[in-house]
Structures are given as C-alpha cells and as structure tokens.
Amino acid sequence: MRCAYCGRESKATREHIISSGILDLFPECFLTFDGNHKVIHQADPMVKDVCAACNNDRISYIDSYAKQIVQQYFLRKYEADSVVEIEYNYTLLQKMLLKYAFNDLRARQDDISFFNKDVLGFLLNEDIAKPMDNVTVLAGLAVNTSPAPDFMFGNLKLQWCKSPVFMANSMVENIDYTTGQIRIREPFEVETFEGLLLSYIFRFNSGQFILLCWDKDSPKLEQNLTVIKLQYPYTMLHLNEKTSTLERCTNEATYHRFQLVDVNWGNGIMDEISTMRRLASGSDNETMEKLNDSWQKEEARLAEEHCR
Ligand SMILES: [Zn+2]
C-alpha cells in the first residue's frame, strides 16, 4: 500500500479519523454512526491507508494539540449568552482540521484533490509554523437552546460532515407576534461561494469549527471572507491574533442539525421563538434541569462501562 500522507510503499496501519486522544475524552460516546456506509458500530472511526511512521510519529504532533485544545475549552457546556476567550495556535488548528477532513474524505473514498504535495507537506512537517493563506477557520460555541434535551437525538458530542449548508437568508421568514405563528422560508435560500474548493464542519462537544479551503487564485476570496464575517454567527480565527472571543453559533434548530449554518438574523429570530415559547409555557426550567441531571448520571455510568 502507498501511504496516504508520505506516499511510500509500506504496510497499512489504522489511523483514527478524529484523534483517539479526543475520543478518549468522551468514552460515553462509544458508538460510531457512519452515515456514509449507513452502519452503526462500536469501533472507533478509522481509515487504513497510513504507514506506521506517519501514523505514530510524523503527524502525531497534530493529535497532541487537538486533544489539548478540546480538553481545555470544550469539555464543559456553555450557556446561551456565554462569551469565551480562547488562546490558540492558528497553524496547528488549521493542521488539525485539515487532517480530519483528509482522513474522512479517504474513508468516504471521496475527492482528495485539495491535498496536493504542498498541503501534505504542511501536515507532515511539524516545523512549518506559517499557516496556509487559502484556508479559513471559523469557530463558535454549540449551545442547546432548544426544548429538546441532548439525548433525544442521540449522544452526538463529536460530529463532522463535509460541505455544511450556508443559508443566504434566515430559515424562519417571520413570526406573527399576535398568534405566535411561525412561517418557515420555503425553499431555503442557500449561499454559494465562488472559489470554495472544500468545506467541513466539526463539532467537538461545545466547540464548533468550520474549515474552508479556497482556490488560491480566486479573485472573490476577500469578498467571500467579508460576507462570511458579516453574515454568520462565527468568529473567524486569525494568524496574527493568539486569542479570539467565541460566542454561541447555534440556534434551537441548527444545534440539532449542525450541518446547517443560519445567518445572524436567523439566529436572532430563532432566539425570539425560544423566548416566546418559554414565556408562553409559563413553566420554569425545572423539568429540563431534572432531565439533564439524570442524563448526566447516565453518561457517567456509560463512560465507566465503556472506559477506553
Ligand atoms: Zn507515511
């Protein structure tokens, strides 16, 4: 077999799609829902086309960083109005998300043409500290503001998917404040970005990241980045800043459908719906707190039962 990273002929070893160090942080998430092959299994998500030298040595520095940043900021849950300052290494974050996307694409037998010699060299070489100019990273906090507790949709703390859908307009068109009727926009208006070659969205518990890989020569790059900065509830991370402030990027719909990226004003409308429902129901948060408490106990039991 030819190693997917270094290209040398060698015996194939299994590489984790998402670093095993991150999986270790969430032992209660012991099932893999593989949408590509339409199976659910207990083994970790892997791809078997990497040589032992790359797997255990050359690219493992990326895994160490990945585990560290998730452990530091995203093990805990946040509130709807939380503001969190994170300190990060932008180059290593790029490498981490690129590596996961590359692994996932190979597992799906999908197009890996973005990962040319330069990009693979960037991943393999720990000493390259300069980030790639044509790769953008967006980040935000995933907070469940919906009336549906987490476990209702499965214990989906770690998720990733290719080509998130960027809305061009809010998912909800309007609310009738006298009746409370909500009108969903149909059909959805979807934004497209010229020169976008590859995109991925990742959720690591309460941290959500979007990776955007651009055609280097696209004349629209600057314009696209401006639209993205203004239109979406994500923070664009930067080379020259070592810290950034993250806020909630999800609303009550996109929290459970993480591949959908609503616009800023869409989040605003969804938040109004959440508030209206809470006020109209007249109940306090007691039921939800009870449910979450018992779910946390169940999670602790699962973590122990499936300890890694
Ligand atoms: Zn190799």
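Shown above is the structure to which this text applies.
This is a predicted model, so every value here is computed, not measured.

Engineer: I would appreciate a short explanation of the layout of surface pockets in the present structure.
Structural biologist: Where empty space is left can be seen by rolling a probe of water-molecule size over the atoms. By volume, the largest pocket amounts to about 1,400 Å³. Taken together, 50 residues form the lining of the largest pocket, with Asn 144, Thr 145, Ser 146, Met 288 and Asn 292 sitting closest to its centre. For the lining of the largest pocket, the element with the highest residue contribution is helix H8 (residues 286-305), accounting for ten residues. Here the second largest pocket is characterised by a volume of approximately 810 Å³. Among the elements that take part in the lining of the second largest pocket, strand S7 (residues 158-162) stands out by supplying four residues, more than any other. Class assignment for the residues of the lining of the second largest pocket results in 16 nonpolar, nine polar and seven charged.

Engineer: Please explain the coordination of the zinc ion as it appears in this structure.
Structural biologist: Ideal geometry at a metal gives 109.5 degrees between four tetrahedral donors and either 90 or 180 degrees between six octahedral ones. In this structure, Cys 3 (SG), Cys 6 (SG), Cys 51 (SG) and Cys 54 (SG) serve as the protein donors to the zinc ion, at separations of 2.3 to 2.4 Å. For Cys 54, a relative accessible area of 0% gives the class buried.

Engineer: How should H8 be read in this particular structure?
Structural biologist: At 3.6 residues per turn, the α-helix brings residues three or four places apart onto the same side. With 20 residues, H8 extends 29 Å from end C-alpha to end C-alpha; this agrees with the ideal 28 Å at 1.5 Å per step. Looking only at H8, the buried set comprises Trp 295, Glu 299, Leu 302 and Ala 303. Down the axis of H8, the smallest arc covering the buried residues is 95 degrees, so these residues share one side. Exposed residues lying more than 90 degrees from the buried face of H8 are Lys 290, Lys 297, Glu 304 and Glu 305.

Engineer: For this particular structure, what's the right way to read the pairing of strand S14 (residues 243-246)?
Structural biologist: Note on strand geometry: in a regular strand, side chains alternate between the two faces of the sheet. Side chains Ser 244 and Leu 246 project from S14 onto a buried face, and the interleaved Thr 243 and Thr 245 project onto a face without burial. With four bridges connecting them, strand S5 (residues 84-87) and S14 associate as antiparallel partners. Its bridge partner being in S14, Glu 85 is matched across the sheet by Thr 245.

Engineer: Is there a simple way to think about the packing of helix H4 (residues 90-107) against helix H5 (residues 117-124) in this case?
Structural biologist: Two measures define how a pair of helices packs: the angle their axes make with one another and the distance between the axes. Closest axis-to-axis distance for the H4/H5 pair is 10 Å, and the angle between their directions is 120 degrees. Viewed along their axes, H4 and H5 adopt a mutual orientation that is oblique. Two packed elements cross with a definite hand, and for H4 against H5 that hand is left-handed. The segment H4 lies against H5, with Thr 91, Gln 94, Lys 95, Leu 98, Lys 99 and Phe 102 engaging Leu 120, Phe 122 and Leu 123. Classifying every residue of the contact of H4 with H5 by side-chain character gives five nonpolar, two polar and two charged.

Conventions used here
- Residues numbered from 1 in each chain as written.
- Predicted model: local features only at pLDDT ≥ 70, side-chain atom pairs only at ≥ 80, totals over all residues.
- Heavy atoms only, no water.
- 1 Å grid on protein atoms, 1.4 Å probe; cavity = no way out; pocket = protein on both sides within 12 Å on 5 of 7 lines; lining within 4 Å.
- Points joined across faces, edges and corners; volume = space filled by probe spheres on them.
- Helix = DSSP H or I, 4+ residues; strand = E, 2+ residues; numbered from the N terminus.
- Nonpolar A, V, L, I, M, F, W, Y, C, P; charged D, E, K, R; others polar.
- Donors = N, O, S within 2.8 Å, 3.2 Å for Na, K, Ca; no water.
- Buried < 20%, exposed > 50% of the residue type's maximum accessible area, 1.4 Å probe, protein only.
- Expected span 1.5 Å × (residues − 1).
- Arc of directions from axis to C-beta.
- Pairing = 2+ DSSP bridges.
- Axes fitted to C-alpha atoms, helices over the stretch in contact; angles between N-to-C directions.
- Parallel < 35°, antiparallel > 145°, perpendicular 65-115°, else oblique.
- Left-handed = near helix turned anticlockwise from the far one by under 90°.
- Contact = heavy atoms within 4.5 Å.

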